[in-house]
Structures are given as structure tokens and as C-alpha cells.
Amino acid sequence: MPESALLKDPEFKAAFLKNEQQERISTGKVASALVVVLMPAGVTLDYAMYPEKTLTFLVARLIVSFLVSGIFVLHFTKFGRKNYKVLGLPIALLPAGSIAWMIYVLHKPDSPYYAGLNLILLAVSVVVHWSTLESLLAVIGVLIMYFAACVPQGIGEHSKDIFNNLYFLGLTGIIVVTGNYFFNQLRFREFTLRYELDKSRALLAESNEKLKELDQIKNRFFANISHELRTPLTLLLSPLESMLHSRSQQFDEQTRNLLSIMHGNGMRLLKLINDLLDLVRLESGRMEVRREPVEMLAFVRGLMGAAQQMADIKGLKLVNEVQPELGAVLVDRDKLEKTVLNLVFNALKFTPAGGCVTLRVFLRMEQIALTVEDTGVGISAKNLPFVFDRFWQADNSSKRKYQGVGIGLSLVKELTEIQGGKVSVTSEEGKGTTFTVILPYMQAEGPAVAKTEPALPAPLAAESATPVVNNAPAPAIAAKSADAPAPAVQSEEWLSNLYRRAELFPVTATAQDKPQTLVVQKNSSQPTLLVADDEPDMLRFLKSQLHGHYNVVEAVDGQQAVDKALAVVPDVILLDMNMPEKDGLQVCRELRQQPSTQLIPIVILTARADEETKLTALSAGANDFLSKPFSTSELHVRVRNLVESHQNRMNLARQKQVLEKTIEQLKETETLLVQTEKMASLGRMSAGILHEINNPLNYATTGLYTLQKKRQHVAPEQQAEYGEVLDEVNEGIARVRSIVSDLKSFTHPDTEMRDAVEVPLIVGSALRFLSSEWKDKVLVEQKLPEHLLIHGNRNKLLQVFVNLLQNSLDAVRRKNFADDEQPKISIEGRVESGKVIVTVRDNGEGIEAQALDKVFDPFFTTKDVGEGMGLGLTICYRIVHEYQGRISVQSARGKYSEFRLEFPFVAADVAVTQTAA
């Protein structure tokens, strides 16, 4: 808090004034005592310097000491405590006045008594804690007294001495006042910090008391709620066991499976409640140590037998080694049993399949040493100090692989310490962990108790030996007569047995790495449902409830859920929020990013029902949210609605695709019909034109031949000019012949047999025909795979590529290239989606956007007059379509043009067969 705000706080202001009063009274007493003692002591100086004045000065000194002693006494009175500020200045001014009077009496301004004034100023700075104003008044008072003592003597004669002394007295005063100012500032800050510290300490103490009270309330609450939970839970387990043991009632497999799930999870819950009660008893100091003689070998073997089933399910090796010399020892059976079981079950939980868990019990330095060693995942060095903390988990994320509440190891530590022992842990991440329990060794003198569990009633003996563990089959339960009465819930023996069997239950479920999944039939009329949950019992329950209506596929973690969703593409997905590898939210996000699964409905299942969790799940892409516990009827309704909605959406999407494809085909057909009609009309017109052109062309050719024969009869000086005219006429006739040839190809399609033409060879031929135009002028790049085939007429295809390459050469020729740019033509080919794709691309002047739709129209050209008729690309278009292909163009003015040819793909062996035929 800022100082200005603190000064406005009445509480702070009162505390500061009280502290100031105590400081001033304390320093005032010290200063007064110093004056009372030191003033008379100064007579020694008087005697040494001025013997004749010794008696006079002694009287003055005694008067000052007497007056200051009065001030000293006032500091102890109520008046002095109230007016402590008034008492301050006289303590300094009285001795200062006495010294000034001595200087006056001696008539010597340069008297050594001047140093006494400096001592008084020093005392003002060091001893008393005055305010800056009081220090300033004291300094001014000393200066005035000295000056007054010197004035009657005449300033002129002693001016230098007076000035010198006043100068140094003034400097000393300035230093005193400045130092006092900063000292007061520091003192104020110190008090402020101390005040805030005291206030924080008081608040902390108050909070600590409240926490202690809350902790006591919490313990009472845990104890009360645990006791209250045990009663209804016992009443649930008793009827369940009666139903499972009964011979008179025959249940189908699904019902027995549900009863087994209910019983197993009830036992797990009872164990958790018992552990919580033990923690409460330990903390309240109400748990006693009751030692009894126990045969360690039989005791350990019995406990390991109880854990063997869980080891078998996970595929682990369970080893126990007990030193024979131990024999019978005095231990608290119940506490030692809980300690061993918690450590063994913890080791089994964190050890992967194929590993080993070893329990060793031996004597070490007159102590019992018990070690549980595993080959599991290990614990990181940073987490080792916290493993025995209550409710602590190494992985607190929603994706943690190993479930639990963090009670077991804390209970181990406290149960060990209450017996006078200690527990420690060593671990190497990725290699394994070893827990070591050290207990006092007390050899049993009486007979040892060899059994590992209390005698059980006959109907329950078999079950207690084979507890239900997760996905294991229902235990073999001893037969019970239908007429035999069920054990009373109030029976202490039955309750003791129930709690005993609960201890043998592992607190966490054991999940299988690869659950059995239902094979999905492609022709099945039932929708497919993917269920992902790391709790095997929950997985079994959901499957039992849904398999009659859906093809159920199971996953035990988030990664399996993603993989199976992509492989199966179900109609709906149920995801648990907290799963190992990937939590439900991450799975949801990943599936929403995949095209094949982005529309699948997803329902998130979680035990958390707060608003933030719901919003987070919906933001991740979930369609619905279901809180545990949930009604199976509600689950069925929600899943069915989502499936129906999804199927309707998929049907609409398929219909939309069909409509879009049909519309696209109609557009292509319309375009083809228009283009075909154009071609037919132009063909008929061109056929008539050809007939009219051929005869004059033949006459012109014959006449040109005759004129060339007569060239030798022309005068020598005219032969050159005569030859140039004939060459121009010949060039014109050749151009007309080329046009006639194109028109003939356009009006009379070639009906010759088609062959398998290799694209690299036909492109090479076209480039050779045009070599004089591109060699050393244009860079030509080819990326054509070998044996890339097009089925068609070789000559026609050659004409297509010659026309396209000629078009590209004309485009690069008309463009002015920069110094760092080179004319370039690229020819690429590939097979894609069952088609042969060939592209011809140049970096020439390009085609204007408004002309792109017209480039394949007959007689359309962007070239100058005399450079072409506009039939080249039209002929290319017709030939390509004649071979069931397509030709298209893309261009950017001034940058590039690219012609894309698409032909049906023909495999090499098919092409050979067709050619041979």
C-alpha cells in the first residue's frame, strides 16, 4: 500500500504515533542520562584549561544536570508521555546554553568549548530521534547562542575565529538536519514494512487457525460421510451377493454380467471408503497399533495369492521371497496387510505386460525390511519427493494412463510410521521402482497366527479366495442352499469378512490393451457405434446396453479411438472425457479435421457436469454431452436421434452430389453439342470452298511451273528479279495449299486405324519439324514418362502437337523478354485418375481473359493478318474430342499460356493387343 494511503488509515496512523511516542521517550531518557552524567564530568576539562573558573563552571554544570534530571524524571510521568515533544529541545539547548555562557565568561570566542557545541549537534543527529523541524530548531538555537556569547567581546578582534566557528557549526548543522531527514524517512519505511509484516503475520495466524478448524471439520465430514456411505453400500452388496450365490434364481448371461459389474465396482468403492476412514483415524490419532504373532511366510504367500489374479490378467510374473529365519514376528496384521497390498497393487498397476513384481521380506540390522520391486514405468526424479503425499498424482492431466485417487501410498507411509517404521522409494524412469518398508523386529514368543485371513462363513469362503477383478469372469462362488437364510447385514462377522474381501480388491480397474471388437458386417442394417472408455466395466456396460441396436466397436484409449474411427467410419461415437494417450477432447478435435469423420456425431461422456466442461466439449466439436451417472434410456434416445440425423444428412449429401454431377454432365453435353454443330456447319461450308479453290490452285501451280521453265530465256540482268517474283508466287501458292490441307483435315476426318502412340516419340517428332524455329532460341523442357501411351492416329496426334508447339513459339516470339528471363516451353505428361494428362506451357505473351472462351472457335485468331487463319487450335480441339479426350487452356496476359490435353488411359498390354488386332 502507498505511504500516502497508509497515512490516511486511522489504524496505521495510531500505530505510528504510538511507536513514535515510545521511540522519543526512550531516546529522550538516554539523552537526558547522558547530559546528567557528562555535564559534571566536564569539570576535568575546566580544571585543566581554566583552573580559576573551575568552581564557577562546576556550579553551572550542576545546575544544568539538575534541570535535565528533572526532564529525565518527567519522561516517566503521564505528563511527560503526553508532552514528549516539548521535553526534547531543552535536553539539547540547556547544555548548549551552559557552554555558550562559559565562552561568554572567558571572553574567548576561540575557546575549545566551541567543540562542545559540535558534540551537542552530533548528539542531536545520533542519539535523539527528532523530526526534521526539531533538529533545525536545535541547530538554529545553538548558532544563536554561540553568536550571542561572542558579540559582547567585539566581533572585529575575533572576527576570523567567530566566522570559522560559525562556519563549521553551520556545516555540522546542515549535515545533522539532512541526515535526520533521511533517517526519519528510513525509520518510517521500516515501521511501514514492520507494520505490514505484523499485520500479515496476524492474518496468517488467523488463517492458520481457520485452516486447522476447517481441517478438523473436513476430517469429521470424511469420517461421517464414510460411515454413512458404508451402510447403504453394505445394503447394496448384501442383496447382490445373495443373487449371485442363489441356486433358485437363474439369470441369463447379460444379467449375470451386469450383477458382476455392480458387485465388483461396489467392492472397489467400499475399499476406497475404508482407506479414507483409515486416513481420518490416522490424522485424528485414534488409530491404535495392535501387534499379534504372525507367521510371515504364510502371511506373505496368502497376500500374494490374493494379488495373483490381477497379475495373470495383465500377464505379469509375481514373485515372493521370505527369509526363513524370520519365523513368527509381532506385527499389526491389519496395517501390515494394507501396506503390502497397496504396494503390490500399485506395482502391478504401473508394470506393463511381460514385467515382474517381486516382494521380499528379510531381516536387516535387527529390523524387518520389506521391499516391493517392479520393472514398470518408473518415477521421474522430480516427482519422487511427492509420491507419499495425499491425493497426489504424477500425471494430473485428463490423458493420464493410470487412474487412481492418490490415497494408497499416503496410507502406506502413515501406517508404517504409526508402527514405528519408515518407508522410502528409489526409482529409475523407464526401468522400475522399489519401495522399502522398515519395521521394528519383535520376535513372537507365543504361538504364531499362520492364516492370512479370518475364518469365513462357508458360502463366502470360495468368493473371498477369488475376488472379482475387472473384466475377469465372475468368481466361482460356493453353492448356497436355497433354504439357507442369508447372512444378516448387522452381523459383525459378515461385515468383517466383507471389509476383508474389499481390501483384496484393487482400487483401479485393469484395462486390456486390445479389447475384442465386434466385426462390422458391410451389409448389416444396423448402424455402427464406436465406444471409447478406459474403464473396462464401463466399456462392458455400454456394450451390453447398445449391442442389440448397433454394431459396437470398442476402444480403450484415445489413440485407439482415432485409429478405429478412421478405419471403420462409424455412424456415431461415444467418447469418455478422460482417457490415456489422448483425451476425449483431443480425439474429438482430430476427428473433426479428417474429411471422412468430420460429420460423424460425437457424444462426450464425463463425470464432470459443470458449465465450463460442457462448453469446452461443445467447442471441441462434440454434438452432445452426457454426465455420469446417466440413464440408459436417455443414452438410447440421444444416440438414436444423432444417428438418424446423421443418416439423413448423409442421404442429402449423396443426393446433392448426384444432382451436381448430373448438372455438370448436362453442361458438358450442351457445350459438346454446340461445338459439334459449329463444326458440322463449318465443315459443310469448307467442303464447298475447297471444291472452288482446288481448280484455280491447280491452274496457278501449272502456270507457275511453266514460268519457271522459261526462266532461262529471260535476259540475264532480269533473271534475279524474275526469280524473286516466282518465289513469292510459289510461297503464296504453298500457303494456300497449307490452308486447303487444313480445311481438308477439318472437313474429312481421317478414318485410318488407330495405334498406341508413345507421347515422348510424337512430341520429339513435332520438335524436329519445328527445330529451325526453336533451336538456340527457345529453351524446351520435357518431363514425359517413358511408354506414356495415347490411343489414336499418329499423324493426327502429330498435327495436334505441331499446332500447339507452333502456337507457343509464336507466343514467345511476340514477347519482349527482360535480360534475366529466357523464352521457355515446358511439356509435361503423367497418368492421373485414369487419364493421360499432357500439358504444353510457354512463358509468352499469353491470352487475354475475354479471348479464352473463343480460342478453339473456327477462324478465331489473335495473330496479325497473314499469320494464320485460326484453324490450328480448332483442329486440335476436334482431334482430341474425336479420341474421347478434352483440351483446355489457362493463361495470364504477359505471363504464360498452358494447354492441357486429357486422353483416356490405355495400359501398355491393352494397347499392344488392340494394335495387333
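Predicted model, so just to flag it, every value in this text is computed and none were measured. (Residues numbered from 1 in each chain as written. Predicted model: local features only at pLDDT ≥ 70, side-chain atom pairs only at ≥ 80, totals over all residues. Heavy atoms only, no water.)

A.B. asks: Run through the nonpolar core, naming residues and quoting values.
C.D. replies: Core analysis: the biggest nonpolar cluster contains 45 residues, and Leu804, Ile827 and Leu901 have the highest contact counts within it. Of all elements in the fold, only helix H22 (759-769), helix H24 (794-813), strand S16 (824-832), strand S17 (835-842), helix H25 (872-882), strand S18 (886-892) and strand S19 (896-904) reach the threshold of two or more residues within this core. In terms of residue count, H24 provides more of this core than any other element does, 9 residues in total. Those residues within four positions of Ile827 in sequence are excluded, and the remaining contacts are Val763, Leu767, Val780, Glu781, Gln782, Lys783, Leu784, Leu805, Val838 and Thr839. Ranked by size, the runner-up nonpolar core spans 39 residues in total, among them Val300, Met310, Leu343 and Leu439. (Core = buried A, V, L, I, M, F, W, Y, C linked by side-chain atoms within 4.5 Å. Buried < 20%, exposed > 50% of the residue type's maximum accessible area, 1.4 Å probe, protein only. Helix = DSSP H or I, 4+ residues; strand = E, 2+ residues; numbered from the N terminus. Contact = heavy atoms within 4.5 Å.)

A.B. asks: An account of the pattern of salt bridges is requested, with residue identities and associated values reported.
C.D. replies: Any two side chains of opposite charge can pair, on the condition that their charged atoms come close. Per the stated rule, a full pass over the model turns up 25 salt bridges. Here Glu321 ties to Arg360 by a salt bridge, and the two come within 3.0 Å at their closest N and O atoms. Separated by 39 residues along the polypeptide, Glu321 in strand S2 (residues 317-322) and Arg360 in strand S4 (residues 356-363) bring together distant segments of the chain. The exposure class of Glu321 is partly exposed, given its relative accessible area of 37%. Residue class for Arg360 comes out partly exposed when judged on its relative accessible area of 25%. The salt bridge partner of Glu882 is Lys796, with a shortest N-O separation of 3.0 Å. (Salt bridge = Lys/Arg side-chain N within 4 Å of Asp/Glu carboxyl O.)

A.B. asks: Describe in detail the environment of Asp534, supporting the description with residues and values.
C.D. replies: Among the secondary structure elements, Asp534 is positioned in the loop between strand S8 (528-532) and helix H16 (536-546). Asp534 sits 22 residues away from Val556 along the chain, and the two C-alpha atoms are 4.6 Å apart.

A.B. asks: Kindly report on the sheet that holds S8, identifying the contributing residues and their values.
C.D. replies: In space, the 5 strands of this open sheet follow the order S9-S8-S10-S11-S12, with parallel pairing throughout. The sheet terminates laterally at strand S9 (551-555) and strand S12 (624-627), the two strands that pair on one side only. Strand-to-strand, the axes of this sheet are offset by a mean angle of 20 degrees, without reference to chain direction. Here 5 bridges tie S8 to S9, and the two strands are oriented parallel to one another. Bridging from a neighbouring strand, Thr528 pairs with Asn551 of S9. Contacts from H16 reach S8, S9, strand S10 (572-576) and strand S11 (602-606), with the element oriented near 170 degrees to S9. (Pairing = 2+ DSSP bridges. Axes fitted to C-alpha atoms, helices over the stretch in contact; angles between N-to-C directions.)

A.B. asks: Before we move on, can you summarise the sheet that holds strand S6 (residues 422-428) with the specific residues and values?
C.D. replies: Spatial ordering of the open sheet is given by S2-S4-S5-S7-S6, a layout of 5 strands whose pairing is mixed. Two strands bound the open sheet, and with one partner strand each, they are S2 and S6. Adjacent strand axes in the sheet meet at a mean angle of 10 degrees, parallel and antiparallel pairs treated alike. In this structure, S4 lies alongside strand S5 (residues 367-374), joined through 7 bridges in antiparallel fashion. Looking across to S5, one finds that Leu363 is bridged to Ile368. Contacts from helix H12 (residues 333-349) reach S2, S4, S5 and strand S7 (432-440), with the element oriented near 20 degrees to S5.

Read these as spatial facts, not as claims about activity.
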